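For reference, the chains in residue letters:
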Amino acid sequence: MKRMNLPPALRVVLCIVLLLAAYVLQRTLGVRLSVFGVHIDLLPLIVAAAAVLMGSGAGFVCGFAAGLLYDASGMGIEGLYPLYYLICGIVCGRIGEYFHNRQIVGTMLCSAGMVLALAAIRYLFLFQFSDMGILVFARSMAVQLLLAVVLSPAVLVVVRRVSGNRKGISPAQTMEGGSNGPA
């Protein structure tokens, strides 16, 4: 069965719907993945996969949407998460151009980087209010990184299916801003 090519804007909207569904499942219904007491957040993994598959523009929009979801819940400093996630979406999109033929590797790298940076930011902002030691933080971060690397290929498959995007972007499409054919 041949799959229709969806317009890029619709692909991004479908990824935002996936972000919203993952957020609702994690926050409202209490469906949280936990290994050794460490919870993994699926939103950074979805943003990384969308950015690697569809480029910096999609990463920007999906990242901003993920950040708004965090801000709407009242977590953290207002405006920090949208800024953080949109920057990560752009960076992951650029990394995705480099890993065009190895999207799984690019997604794993971006997911690990996003989880690591987010954990460090959270630790720095909560450091003054928490009695968590650096060893406990390092153990927690190591488990989060491992979970991100292990789960990111599965998230990539889901984002690929949801967005209807099997191949991802080509470097030529990113440079030219689309696939309008030869100039």
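Given the structure is predicted, the values throughout are model-derived calculations rather than measurements.

**A word on the packing of aromatic side chains**
Where two aromatic rings form a pair, the distance of their centres and the angle of their planes describe that pair.
Stage number 1. For the coordinates displayed, the defined rule picks out six aromatic pairs.
Stage number 2. Centroid distance Tyr70 to Tyr85: 5.5 Å. Interplanar angle 10°. Geometry classified as stacked. Separated by 15 residues along the polypeptide, Tyr70 in helix H3 (residues 56-72) and Tyr85 in helix H4 (residues 80-98) bring together distant segments of the chain. With respect to burial, Tyr70 and Tyr85 carry one shared label: buried.
Stage number 3. Chaining the aromatic ring pairs together yields one cluster made of Tyr23, Tyr70, Tyr81, Tyr84 and Tyr85.

**A look at a nonpolar patch on the surface**
Stage number 1. Residues Leu10, Val13 and Val17 make up a contiguous nonpolar surface patch of about 240 Å² in total accessible area.
Stage number 2. Checked against the element boundaries, Val17 lands in helix H1 (residues 8-27).

**Section: the nonpolar core**
Proteins that are soluble and globular tend to have nonpolar side chains buried together.
Stage number 1. In this structure, Leu19, Leu43, Ile46, Tyr85, Met114 and Val159 are the most contacted members of the largest nonpolar core, which totals 40 residues.
Stage number 2. Contributions of two or more residues to this core are made by H1, strand E2 (38-40), helix H2 (42-54), H3, H4, helix H5 (103-126) and helix H6 (134-163).
Stage number 3. Per element, the largest residue contribution to this core is eleven residues, and it comes from H2.
Stage number 4. Other than its neighbours up to four places away in sequence, Tyr85 contacts Asp41, Pro44, Val47, Gly59, Gly63, Ala66, Gly67, Tyr70, Met114 and Leu118.

**Examining the side chain of Ser111**
Stage number 1. With respect to the element layout, Ser111 can be found in helix H5.
Stage number 2. What Ser111 contacts, discounting residues up to four positions off in sequence, is Leu45, Ala48, Ala148 and Ser152.

**Considering H2**
Three- or four-residue spacings in an α-helix give side chains the same orientation, since the helix completes a turn every 3.6 residues.
Stage number 1. Here H2 is 13 residues long and its end C-alpha atoms lie 18 Å apart, about the 18 Å a rise of 1.5 Å per residue gives.
Stage number 2. Every buried residue belonging to H2 is among Leu43, Pro44, Leu45, Ile46, Val47, Ala48, Ala49, Ala50, Ala51, Val52, Leu53 and Met54, and all of these are buried.
Stage number 3. Taking the backbone nitrogen of Leu43 as reference, a side-chain oxygen 3.4 Å away marks Asp41 as the first, capping residue of H2.
Stage number 4. Looking at the residues trailing H2, positive phi occurs at Gly55, about 105°.

**Some words on the packing of H1 against H2**
Stage number 1. Orientation of H1 relative to H2, taken along the N-to-C sense of each, is 170°, at an axis distance of 9 Å. On the basis of the axis angle, H1 is roughly antiparallel to H2. When you trace H1 past H2, the crossing you get is right-handed. Each of Arg11, Val12, Cys15, Leu18, Leu19, Ala22, Tyr23 and Gln26 in H1 lies in contact with H2, whose residues at this interface are Leu42, Leu43, Ile46, Val47, Ala50 and Met54.
Stage number 2. Taken together, the residues of the contact of H1 with H2 sort by class into twelve nonpolar, one polar and one charged.

Definitions and limits used
- Residues numbered from 1 in each chain as written.
- Predicted model: local features only at pLDDT ≥ 70, side-chain atom pairs only at ≥ 80, totals over all residues.
- Heavy atoms only, no water.
- Phe/Tyr/Trp six-rings, centres within 6.5 Å; stacked < 30°, edge-to-face > 60°.
- Helix = DSSP H or I, 4+ residues; strand = E, 2+ residues; numbered from the N terminus.
- Buried < 20%, exposed > 50% of the residue type's maximum accessible area, 1.4 Å probe, protein only.
- Patch = residues over 30% accessible without salt bridge, like charges linked within 9 Å, V, L, I, M, F, W, Y side chains within 5 Å.
- Areas by Shrake-Rupley, 256 points an atom, 1.4 Å probe, with all protein chains shown as cover.
- Salt bridge = Lys/Arg side-chain N within 4 Å of Asp/Glu carboxyl O.
- Core = buried A, V, L, I, M, F, W, Y, C linked by side-chain atoms within 4.5 Å.
- Contact = heavy atoms within 4.5 Å.
- Expected span 1.5 Å × (residues − 1).
- Polar contact = N/O pair within 3.5 Å; in protein donor to acceptor, adjacent residues only side chain to side chain.
- Axes fitted to C-alpha atoms, helices over the stretch in contact; angles between N-to-C directions.
- Parallel < 35°, antiparallel > 145°, perpendicular 65-115°, else oblique.
- Left-handed = near helix turned anticlockwise from the far one by under 90°.
- Nonpolar A, V, L, I, M, F, W, Y, C, P; charged D, E, K, R; others polar.

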